[in-house]
Amino acid sequence: ASQQIQVEGSKRGTTVIDRPHIAEFVLSLQYPLYHFDFETFATAVPMYDAVRPHQHIPFQYSVHIQAEPGAEPEPRAFLGDGKGDPREALVEQLLKDLGAAGDVLVYNSAFERGKLNDLARDFPQYSEPICRVIDRMKDLMLPFQKMWYYVPAMNGSYSLKSVLPAIVPELRYDALNIQEGGTASFLYGQLAQGKDVGDPVKLREDLLAYCGLDTMAMVRILDVLHCL
């Protein structure tokens, strides 16, 4: 059925908007709402104790907090300095920034849930509050993955990089120096290994801008769903 929707969209420009399911999803969200996104890097030879080869190490996150539907979002962020294992400092700030109540909205919850489970395992002193964060997670990808909202410009994909330009074209990654997660991961990994990354201050600005756009994109996509 989902492929048929894509075919009809390609042939006839057909848009699908399942308002009852979208409304049910939007009304299920509990505020304050925390739009949340991780960035990670991995190395074949572990850089830190008790880390597996190729384990994804969270080094950065962005949060945009909305007190109520349609409210102006409040940005928060963490970015490691590249001089050591960033995870414990990240966890400590993350638990403060995500508060104790309200849903944590992510895009593709399997990834963020997996990284949080890794952090709970590797830092057992924080496992209980991390697990409470996991229990609060909701996935903004769901309405697009389930084809409750589909426009031909998405080209059959429900990734954030496909959904955003299709429904919120004024927000653009191509204006950034870092435009996708692979580049962010590679550059931070180079920094962490002491390799030349050019101007580290500029790199920090670019990483914050990229991850911040990921969560601002979620805010604006949710705004669109609210208006249906």
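The coordinates are above.
Residues numbered from 1 in each chain as written. Predicted model: local features only at pLDDT ≥ 70, side-chain atom pairs only at ≥ 80, totals over all residues. Heavy atoms only, no water.

**Some details on unusual backbone geometry**
Tyr-31 connects to Pro-32 through a cis peptide bond whose omega is 0°. By the secondary structure assignment, Pro-32 is in the loop between α2 (19–27) and β2 (33–41). The backbone of Ala-50 sits at a positive phi, close to 60°, despite the residue not being glycine. Note on placement: Ala-50 falls in the loop between β2 and β3 (57–66). (Helix = DSSP H or I, 4+ residues; strand = E, 2+ residues; numbered from the N terminus.)

**Notes on the packing of helix α7 (residues 160–167) against helix α9 (residues 200–226)**
Between α7 and α9, whose axes approach to 10 Å, the crossing angle comes to 55°. What the angle tells us is that α7 and α9 run oblique. α9 is crossed by α7, and the crossing has left-handed handedness. Each of Leu-160, Lys-161, Val-163, Leu-164 and Ile-167 in α7 lies in contact with α9, whose residues at this interface are Tyr-210, Asp-214, Ala-217, Ile-221 and Val-224. (Axes fitted to C-alpha atoms, helices over the stretch in contact; angles between N-to-C directions. Parallel < 35°, antiparallel > 145°, perpendicular 65-115°, else oblique. Left-handed = near helix turned anticlockwise from the far one by under 90°. Contact = heavy atoms within 4.5 Å.)

**Notes on the nonpolar core**
Core analysis: the biggest nonpolar cluster contains 44 residues, and Leu-105, Tyr-107, Leu-140, Phe-144, Ile-167 and Ile-221 have the highest contact counts within it. The set of elements that each furnish at least two residues to this core consists of α2, β2, β3, β7 (149–150), α7, α8 (181–192) and α9. Looking at which element gives the most residues to this core, the answer is α9, with 11 residues. If near-sequence neighbours (up to four positions away) are discounted, Leu-140 is found in contact with Phe-25, Leu-105, Val-106, Tyr-107, Met-218, Ile-221, Leu-222 and Leu-225. Core analysis: the second largest hydrophobic core is formed by 22 residues, Tyr-34, Phe-78, Leu-94 and Val-133 among them. (Core = buried A, V, L, I, M, F, W, Y, C linked by side-chain atoms within 4.5 Å. Buried < 20%, exposed > 50% of the residue type's maximum accessible area, 1.4 Å probe, protein only.)

**A word on the environment of Val-106**
In this fold, Val-106 is placed in strand β5 (residues 104–106). Assessed through its relative accessible area of 0%, Val-106 is described here as buried. Val-106 sits 25 residues away from Asp-81 along the chain, and the two C-alpha atoms are 24 Å apart. The contacts of Val-106, once residues within four sequence positions are left out, are Phe-36, Glu-112, Met-137, Lys-138, Asp-139, Leu-140, Met-141 and Met-218.

**Notes on the layout of surface pockets**
Here the largest pocket is characterised by a volume of approximately 390 Å³. Together, 17 residues line the largest pocket, and Asp-37, Tyr-107, Asn-108, Lys-161 and Asp-214 are the ones closest to its centre. At the level of elements, β2, α4 (109–122), α7, α8 and α9 are the ones that each hand at least two residues to the lining of the largest pocket. For the lining of the largest pocket, the element with the highest residue contribution is β2, accounting for four residues. Here the residues of the lining of the largest pocket sort into six nonpolar, six polar and five charged. (1 Å grid on protein atoms, 1.4 Å probe; cavity = no way out; pocket = protein on both sides within 12 Å on 5 of 7 lines; lining within 4 Å. Points joined across faces, edges and corners; volume = space filled by probe spheres on them. Nonpolar A, V, L, I, M, F, W, Y, C, P; charged D, E, K, R; others polar.)

**Observations regarding empty space enclosed by the protein**
Counted under the stated rule, the structure contains one cavity of 30 Å³ or more. Reported here for the largest cavity is a volume of approximately 40 Å³. Around the largest cavity, the lining residues are Phe-41, Thr-43, Pro-46, Met-47, Tyr-48, Val-51, Arg-52, Gln-55 and Ile-57. Grouping the amino acids of the lining of the largest cavity by side-chain chemistry returns six nonpolar, two polar and one charged.

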